[in-house]
Amino acid sequence: MKMNPMGDKILLKPQEGQETTKGGIILTSNQNNYSYADVIAVGNGLFTQTGDRIPMTTKIGDVVLIHSRLTKGDNEIELENNKYILVRESEVEMVSTDKV
């Protein structure tokens, strides 16, 4: 089933088991409040009151940093036996500038 997020929503696939960054920084899983995720699908953006579309700044294939509280609870969805996270673009803390 093919589904696309609406408005400013982003569908993310959480990355698991990452202990170091590409730069060699060691991530401690028990104290890390943030998680990396891959952008799987992106909505079209929101409309202003005048009808202009506000474009999305993230795109499919980006790696983003999100707060760990978003990886649990109401934001979790399951599609075709895979777990994803559905968030608003404004909830993304950072977007990686590295080519993956």
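Source: prediction; values computed, not measured.

The rules behind the values
- Sequence order as written defines the numbering, with residues in each chain counted from 1.
- A pLDDT threshold of at least 70 governs which residues receive local features in this predicted model, and a stricter bar of 80 or more applies before side-chain atom pairs are shown or counted, although totals over entire chains, interfaces and linings include all residues.
- Computation of side-chain values covers all heavy atoms of the structure but excludes hydrogens and water.
- Any Lys or Arg side-chain nitrogen located within 4 Å of an Asp or Glu carboxyl oxygen qualifies as a salt bridge.
- Where helices and strands are cited, they refer to DSSP runs of H or I of at least four residues and of E of at least two residues respectively, numbered from the N terminus.
- At least two DSSP bridges between two strands are required for those strands to pair.
- For every element, the axis is a line fit to its C-alpha atoms; helices are fit only across the contacting stretch, and the angle between N-to-C directions ranges from 0 to 180 degrees.

Participant: What is the right way to read the pattern of salt bridges from this model?
Facilitator: Two side chains with opposite charge may pair up if their charged atoms get near one another. Counted by the stated rule, this structure contains 2 salt bridges. With a shortest N-O distance of 2.7 Å, D8 and R88 are connected by a salt bridge. Placement of D8 in the segment before β1 (9-14) and of R88 in strand β7 (residues 82-88) is noted, with a sequence separation of 80 residues between them.

Participant: How should I be thinking about the sheet that holds strand β8 (residues 92-95) in this particular structure?
Facilitator: Two modes of strand pairing occur in sheets, parallel and antiparallel, and in both the strands are linked by backbone hydrogen bonds. Spatially, 6 strands are ordered β6-β7-β1-β2-β5-β8 in an open sheet, and the strand pairing comes out antiparallel. Pairing within the sheet leaves two strands with one partner each, and these edge strands are β6 (76-79) and β8. Ignoring which end each strand starts from, the neighbouring axes of this sheet average 45 degrees apart. Where β1 lies against β7, 4 bridges are found, and the strand directions are antiparallel. Bridged to L12 within β7 is I85.

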